[in-house]
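Summary of structural features
Here are the chains, one letter per residue:
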Amino acid sequence: IIIGLGIGISLAFLIELLNNTLKTIDEIEKYNLSVLGIIPAIGDKKSTPTNGIFNLRAGKGSGASVGLKRRLITREDPKSPISEAYRSLRTNLLYSSEEKIKSILVSSAGPGEGKTTTVANLAITYANLGKKTLLVDTDLRRPVVHKVFNLEREPGVTNYLSSQTDNYKGLIKKTDIENLSVVTSGVIP
């Protein structure tokens, strides 16, 4: 029993020692990196009861369009704390470099981490500043930006990359938001 307990504790310490994931802001700052913004989770206003295995995930089922509209919090509720967090992120990005930033890439390792929500709300905050903003959806596996802005997915980036069209200006679609245009993903390869 003592040998088994010793091996278990040693294994737990070894796993913790080799774990190099960042979980808190303090751990990020320990590596001399700066935090540009913290965006709170955007939740539903009404809590829905869970029904075990019958619980529907957000983005699936009949309520998908409602969940997508909620993602544009900077347009739906511009005075909310979450909208202010996106504006704070925008301001920090504007002043984070001495050079003028012309493009921003938002990426992550996995699905469902908030890339689309972040980029859509960030694009709206830039457009609200009066800056001409072009949002390009290059998520070729699970494109969602066209649904968020109620646009047709085709033609898009993949149509241009596969030489189906040479007119890149024809890919730019206007949105309801002033100064914001979108290039959708196009056909899923």
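Residue numbering note: each chain is counted from 1, following its sequence as written. Per-residue local features are limited, in this predicted model, to residues with pLDDT of at least 70; the limit for side-chain atom pairs, both in listing and counting, is 80 or more; totals at the level of whole chains, interfaces and linings are taken over all residues. Side-chain figures throughout are based on the complete set of non-hydrogen atoms in the structure, without hydrogens or water.

Comments concerning the overall build of the protein
Within the protein, the regular secondary structure consists of eight helices and three strands. Helix and strand assignments come from DSSP, with helices taken as H or I runs of at least 4 residues and strands as E runs of at least 2, each series counted from the N terminus. Scanning the protein from its N terminus toward the C terminus, one meets helices and strands in the order α-α-α-α-α-α-β-α-α-β-β. For each residue, the accessible area found with a 1.4 Å probe, counting protein chains only, is set against the maximum for its type, and the residue is called buried under 20%, exposed over 50%, and partly exposed in between. Across the 189 residues of the protein, 26% fall into the buried class. Residue contacts follow a heavy-atom distance rule, with two residues in contact if any of their heavy atoms lie within 4.5 Å. Sequence-distant contacts in the protein: of pairs separated by 6 or more residues, those separated by 24 or more amount to 66%. Every accessible area reported is derived by Shrake-Rupley at a probe size of 1.4 Å, with residue values counting cover from the shown protein chains alone. Per element, the accessible surface of the protein, about 14,100 Å² overall, is 55% carbon and sulfur.

Section: the environment of Ile124
With respect to the helices and strands, Ile124 occurs in helix 6 (residues 115-128). A relative accessible area of 1% means that Ile124 is categorised as buried. With 50 residues separating them along the chain, Ile124 and Thr74 place their C-alpha atoms 6.8 Å apart.

Looking at the nonpolar core
Of all hydrophobic cores here, the largest spans 14 residues; its most connected members are Leu135, Phe149 and Leu180. Those elements that provide at least two residues to this core are helix 6, helix 7 (145-148) and strand 3 (180-183). Top element by residues in this core is helix 6. It accounts for four residues. When residues no more than four places from it in sequence are discounted, the contact partners of Leu135 are Val119, Ala120, Ala123, Val145, Phe149, Leu180, Ser181, Val182 and Val183. Nonpolar core, defined: a set of buried Ala, Val, Leu, Ile, Met, Phe, Trp, Tyr and Cys residues in which side-chain atoms within 4.5 Å join the residues together.

Remarks on a nonpolar patch on the surface
Like-charged residues within 9 Å of one another, or nonpolar side chains (Val, Leu, Ile, Met, Phe, Trp, Tyr) within 5 Å, are grouped into patches, provided each residue has over 30% relative accessible area and no salt bridge. We define a salt bridge as a side-chain nitrogen of Lys or Arg found within 4 Å of a carboxyl oxygen belonging to Asp or Glu. Together, Leu11, Leu14, Ile15, Leu17 and Leu18 make up an exposed nonpolar region whose accessible area comes to about 550 Å². Counting through the fold element by element, Ile15 comes out in helix 1 (residues 2-18). Ile15 gets classed as exposed once you look at its relative accessible area, which sits at 54%.

Some details on helix 5 (residues 81-94)
Given a helix with a known number of residues, its expected span is that number minus one, times 1.5 Å. Its 14 residues give helix 5 an end-to-end C-alpha distance of 20 Å, which sits within 8% of 20 Å, the value for a rise of 1.5 Å per residue. Taken residue by residue, helix 5 has Ile82, Ser83, Ala85, Tyr86, Leu89, Arg90 and Leu93 as its buried positions. All buried residues of helix 5 project into a common sector of 160 degrees when viewed along the axis, lining one side. In this structure, the buried side of helix 5 is in contact with helix 4 (73-76) and helix 6. To obtain the arc, one takes the directions from the helix axis to the C-beta atoms.

Considering the sheet that holds strand 2 (residues 172-174)
As a general point, the strands of a sheet are linked pairwise by backbone hydrogen bonds and lie either parallel or antiparallel. Two strands are said to pair when DSSP picks up at least two bridges between them. The mixed open sheet is built from three strands, whose spatial order is 1-3-2. Both edges of this open sheet fall to strand 1 (133-136) and strand 2, since each of them pairs with a single strand only. Averaged over all pairs of adjacent strands, the angle between their axes in this sheet comes to 30 degrees, without regard to strand direction. Of the strand pairs in this sheet, strand 2 and strand 3 are connected by three bridges, and their pairing is antiparallel. For Ile172, the partnering residue across the bridge sits in strand 3 and is Val183. To obtain each axis, a line is fitted to C-alpha atoms, and for helices this fit is confined to the stretch in contact; angles are then taken between N-to-C directions over 0 to 180 degrees. Contacting strand 1 and strand 3, helix 6 runs over the sheet at an angle of about 170 degrees to strand 1.

Things to note about unusual backbone geometry
Positive phi, close to 55 degrees, is recorded for Asn150, a residue that is not glycine. Structurally, the position occupied by Asn150 is in the loop between helix 7 and helix 8 (157-161). For Asn150, a relative accessible area of 63% gives the class exposed. Phi at Asn179 takes a positive value of approximately 75 degrees, unusual for a residue other than glycine. Structurally, Asn179 is set in the loop between strand 2 and strand 3.

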